Amino acid sequence: EISRVEVVGRKEPVVVYEPMLREEIITEKQKLFEKFAQALKLFYGGNFKQAKNIFAEIAEKDAAARAYTLKCEELIAQPPTDWQGVWVITQK
């Protein structure tokens, strides 16, 4: 799982996954995936500072983690009032 997003025209969030080969999951990337999942759980829970720290640890090796590091910085600077753990996409 890479994200939960609310897209234009849908009321329920859509879960987005990163496609990968089975070999990737059971190789050296396993630890990276575990760290990402840990940070994502914190992000969904609104713990942006802790999530940012973990995403930053793996950002050099993972593009999604880099994006989440920046998003966490935005959310730390301007905390949401009604956080549901979902990115809202407002444009197609």
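These notes cover the structure that comes with them. (Residues numbered from 1 in each chain as written. Predicted model: local features only at pLDDT ≥ 70, side-chain atom pairs only at ≥ 80, totals over all residues. Heavy atoms only, no water.)

Another aspect to go through is helix α2 (residues 29-44). Helix length check: α2 (16 residues) gives 22 Å between terminal C-alpha atoms against 22 Å at 1.5 Å per residue, within 8%. Phi turns positive one or two residues past the end of α2, at G46, with a value near 85°. (Helix = DSSP H or I, 4+ residues; strand = E, 2+ residues; numbered from the N terminus. Expected span 1.5 Å × (residues − 1).)

Attention shifts here to the packing of aromatic side chains. Across all of its chains, the model carries eight aromatic pairs by this definition. Taking the centre distance of 5.3 Å and the plane angle of 65° together, the rings of F36 and F55 count as edge-to-face. Taken together, the positions of F36 in helix α2 and F55 in helix α3 (residues 48-58) put the pair 19 residues apart, joining distant regions of the chain. Taken individually, F36 and F55 each receive the classification buried, so the pair is uniform in this respect. (Phe/Tyr/Trp six-rings, centres within 6.5 Å; stacked < 30°, edge-to-face > 60°. Buried < 20%, exposed > 50% of the residue type's maximum accessible area, 1.4 Å probe, protein only.)

Here we take up the nonpolar core. General note: in soluble globular proteins, nonpolar side chains tend to be found buried as a group. Ranked by size, the top nonpolar core spans 19 residues in total, and within it F36, F43, A51, F55, Y68 and C72 carry the most contacts. At the level of elements, α2, α3 and α4 (63-77) are the ones that each hand at least two residues to this core. Examining the composition of this core, we find that eight residues originate from one element, α2, more than from any other. Once residues lying within four places of it in the same chain are set aside, the contact partners of F55 are F36, A39, L40, F43, A65, Y68, T69 and C72. (Core = buried A, V, L, I, M, F, W, Y, C linked by side-chain atoms within 4.5 Å. Contact = heavy atoms within 4.5 Å.)

Our next topic: the pattern of salt bridges. For the structure on display, the rule yields three salt bridges. One salt bridge in this structure joins K71 and E74, with 3.7 Å as the shortest N-O distance. Taken together, the residues K71 and E74, both in helix α4 and three residues apart, mark about one turn of the helix. Exposure remark for E74: the relative accessible area of 49% places this residue in the partly exposed category. (Salt bridge = Lys/Arg side-chain N within 4 Å of Asp/Glu carboxyl O.)

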